[in-house]
Amino acid sequence: MKQSMTFIPTLRETPADAEIKSHQLLLRAGFMKQNTSGIYSFLPLGKRVLAKVEQIIREEMENAGVVEMFMPALQQAELWQESGRWYTYGSELMRMKDRHGREFALGATHEEVITSLLRDDVKSYKKLPLSLYQIQTKYRDEARPRFGLLRGREFIMKDAYSFHASKESLDETYDRIFQAYSNIFERCGLNYRAVIADSGAMGGKDTHEFMVLSEVGEDTIAYSDTSSYAANIEMAPVVTQYEMSSEEQLSIEKIATPGQKTIEEVRQYLSVDSTRVIKSLLFKVDDEFVLVLARGDHEINDIKVKNVLGASVVEMADPNEVKEIMKCSIGSIGPVNTNVKVIADHAVKYIVNGIAGANEEDVHYKNVNIDRDAKVERYEDLRFILEGDPSPDGKGVIKFAKGIEVGHVFKLGTRYSEAMNATVLDENGKAKHMIMGCYGIGVSRTLAAVAEQYNDESGLLWPENLAPYQVHIVPVNMKNDEQKKLGEDLYNQLKDQGLEVLLDDRIERAGVKFNDSDLIGIPVRVTVGKQASEGIVECKDRRTGESKDVSIEELSSYINQLL
Ligand code: ATP
Ligand code: MG
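Residues numbered from 1 in each chain as written. Chains lettered and ligands numbered in written order. Predicted model: local features only at pLDDT ≥ 70, side-chain atom pairs only at ≥ 80, totals over all residues. Heavy atoms only, no water.

Per an unreviewed UniProt entry, the protein goes by the name Proline--tRNA ligase and belongs to Bacillus coahuilensis p1.1.43. As recorded by UniProt, the Sequence similarities (unreviewed entry) comment attached to the protein reads in full: "Belongs to the class-II aminoacyl-tRNA synthetase family. ProS type 1 subfamily." In its Subcellular location (unreviewed entry) section, the UniProt record describing the protein reads: "Cytoplasm". (UniProt positions renumbered as here; feature names shortened; annotations may be inferred.)

(A) Structural context of the overall build of the protein. Of regular secondary structure, the protein possesses 15 helices and 31 strands. Overall size of the protein, expressed as C-alpha extent along the three principal axes, is 95 × 65 × 55 Å. For the protein, the proportion of its 563 residues judged to be buried stands at 53%. In the protein, of all internal contacts separated by at least 6 residues, the share reaching a separation of at least 24 is 68%. When the accessible surface of the protein is totalled, it reaches about 25600 Å², and 47% of it is carbon and sulfur. Seen as two clouds, the 69 positive and the 89 negative side-chain charges of the protein have centres 2 Å apart. (Helix = DSSP H or I, 4+ residues; strand = E, 2+ residues; numbered from the N terminus. Buried < 20%, exposed > 50% of the residue type's maximum accessible area, 1.4 Å probe, protein only. Contact = heavy atoms within 4.5 Å. Areas by Shrake-Rupley, 256 points an atom, 1.4 Å probe, with all protein chains shown as cover. Lys, Arg positive; Asp, Glu negative; His and termini not counted. Charge placed at Lys NZ, Arg CZ, Asp CG, Glu CD.)

(B) The environment of histidine 364, seen in detail. With respect to the element layout, histidine 364 can be found in strand S19 (residues 363–368). For histidine 364, a relative accessible area of 4% translates into the label buried. C-alpha separation for the pair histidine 364 and tyrosine 192, spaced 172 residues apart in sequence, amounts to 47 Å. Among the polar contacts listed, one links the side chain of histidine 364 to the side chain of threonine 257, at a separation of 2.8 Å. (Polar contact = N/O pair within 3.5 Å; in protein donor to acceptor, adjacent residues only side chain to side chain.)

(C) Structural detail: the site of ligand 1. The immediate surroundings of ligand 1 are formed by 14 residues, with Glu142, Arg151, Gly152, Glu405 and His408 found nearest. In the environment of ligand 1, an oxygen atom lies 2.9 Å from a nitrogen or oxygen atom belonging to the side chain of arginine 140. At a separation of 2.8 Å, a nitrogen atom of ligand 1 approaches a polar backbone atom of glycine 152. A total of 580 Å² of accessible area belongs to ligand 1 in isolation, and the protein chains cover 82% of it. Secondary structure elements with two or more residues in the shell around ligand 1: strand S8 (154–164) and strand S21 (398–413). Of the residues belonging to the shell around ligand 1, the class tally is five nonpolar, four polar and five charged. (Near = heavy atom within 4 Å. Nonpolar A, V, L, I, M, F, W, Y, C, P; charged D, E, K, R; others polar.)

(D) Quick look at the pattern of salt bridges. Enumeration according to the criterion identifies 41 salt bridges in this entry. The salt bridge partner of aspartate 504 is arginine 506, with a shortest N-O separation of 2.9 Å. Residue aspartate 504 shares its accessibility class with arginine 506, and that shared class is buried. Note on arginine 506: relative accessible area 18%, which makes it buried. One network of salt bridges, in which partners are shared, links Asp456, Asp518, Arg525, Lys540 and Arg542. (Salt bridge = Lys/Arg side-chain N within 4 Å of Asp/Glu carboxyl O.)

(E) Layout of helix H2 (residues 44–63). For H2, built from 20 residues, the straight-helix expectation of 28 Å at 1.5 Å per residue is met to within 8% by its first-to-last C-alpha distance of 29 Å. Those residues of H2 lying buried are Leu45, Gly46, Val49, Leu50, Lys52, Val53, Glu54, Ile56, Ile57, Glu60 and Met61. Glycine 65 lies just past H2 and shows a positive phi near 80°. (Expected span 1.5 Å × (residues − 1).)

(F) The sheet that holds strand S30 (residues 536–541), seen in detail. Taken together, five strands build an open sheet; the order of strands is S28-S27-S29-S30-S31 and the sheet is mixed. This sheet does not close on itself; its edge strands, each paired only once, are strand S28 (501–503) and strand S31 (547–551). Adjacent strand axes in the sheet meet at a mean angle of 25°, parallel and antiparallel pairs treated alike. Inspection of the sheet shows strand S29 (residues 524–528) paired to S30 by four bridges, in the antiparallel sense. In the sheet register, arginine 525 faces S30, and the bridge partner there is lysine 540. Each of strand S27 (471–475), S28, S29 and S30 touches helix H13 (residues 481–496); the most contacted strand, S27, lies at about 165° to it. (Pairing = 2+ DSSP bridges. Axes fitted to C-alpha atoms, helices over the stretch in contact; angles between N-to-C directions.)

This is the structure in structure tokens:
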């Protein structure tokens, strides 16, 4: 492609709202442009990289026996009502009405659509297993769209769904797709880990997330310093064993704590360690209010609360609800003298003579001994794991790393086939719900993750597999006939050899051209300058920065060597 004919609007300045490298560079190098918050256009360069990511995904999916199809983004509300998610998905689901007032959603995901498509035609176990995928635009009205393509409101996903007559068949497909995902992220040149994403509901290794290790990742991975254990921090179980101190239990007493709201304020005011403070948070669990307790130095994990209570929606109660239920504000609530249901993290049981809110404005209790002074319905693992905790597999201690979730594989079971009544007849002619798996890859997020991992101070550094072009030819001075002609000749010659070539045929200053070229980050740059008349060009490896004068006869073999 000739640069004069395409659209690569490079920017000298870093856009103010772009906080991370990939976002900044993809904008500056003219790969994409923001339309509005969380919504982007892929410009010609970005589209080429995207197509390469998609091609790798297609090859690996087909290899794994998963077949491509394409479903609509516009989905009738009835489907989501059938599965129940119309009522539980919340504001992330974009909803709208047609001219007749019929409700629709813009697809955030496609479990409902695909289940409804298959249930009419797949009636016998003999037609299973069946695995299908699509690469398609998804819509999610994210609360905080940010980091460019990493968290968009409109983004591109590869989503696959598998259907089975037996659990063994699902396991087999899951393993095959797991391997395909590993190949995909490998081929994209990403430094990634597959981590356990859920150890709860379905038990064991039923869902994994593929995480690209990166400082800008929004997810935290808890991994063992000595074994291969790695899990999303949201899901890592805490197996710490606590010990009861031998300290004597004193009598409970009220103390004034004027203006002391947070754990830290209360702790300082009373000069005690945060491990002595009982943290109390009021949650709205489906339609019920539940007071959840943890030790002052621990964080409550609402996903664990949700799993333990088997709830579908868990939210923090808002300040007004707290006032209404507990008769005081958030900073003074506690488990003593309340009729609200109380559950607690295991560690709370071992606090001797602790501090807790007294459900009275600006008053706390001291010397709280939980089993003596309050009614705790259940002790469960409700907190986030911490660095230094023992690894759940019993080997080593936990450390943290940051990750970007690029893929997710999940054994759904019969969650959707039951809700939507998708059955097949088994060998004995008995109707059974199909067993399902689902498998997502954030295609546009993967592109951004690659950009995040491959860059330097001058710009992007595409791995050869994903680069928008393989060779960038830059004639220094297009007004010089010799340079112009040699540039164009080489362009045609390399293209004929099957290379993907971008020719900078713009009449621009050399400095501008070189800066743009570094910014775009094509692996090999061929500079056609003063030595054009002698048939010599400069060949530069963008990644190492090494350059070499090469005669035009040797050029193509030298390029092949570099690539
Ligand atoms: P996250 O925790 O990041 O919100 P998720 O659990 O909601 O992700 P899934 O529903 O599993 O994501 O979607 C499959 C894949 O789609 C994810 O692994 C991720 O790579 C990608 N993805 C999800 N949300 C977005 C988004 N807002 N922008 C870009 N990619 C996304
Ligand atoms: Mg999400």
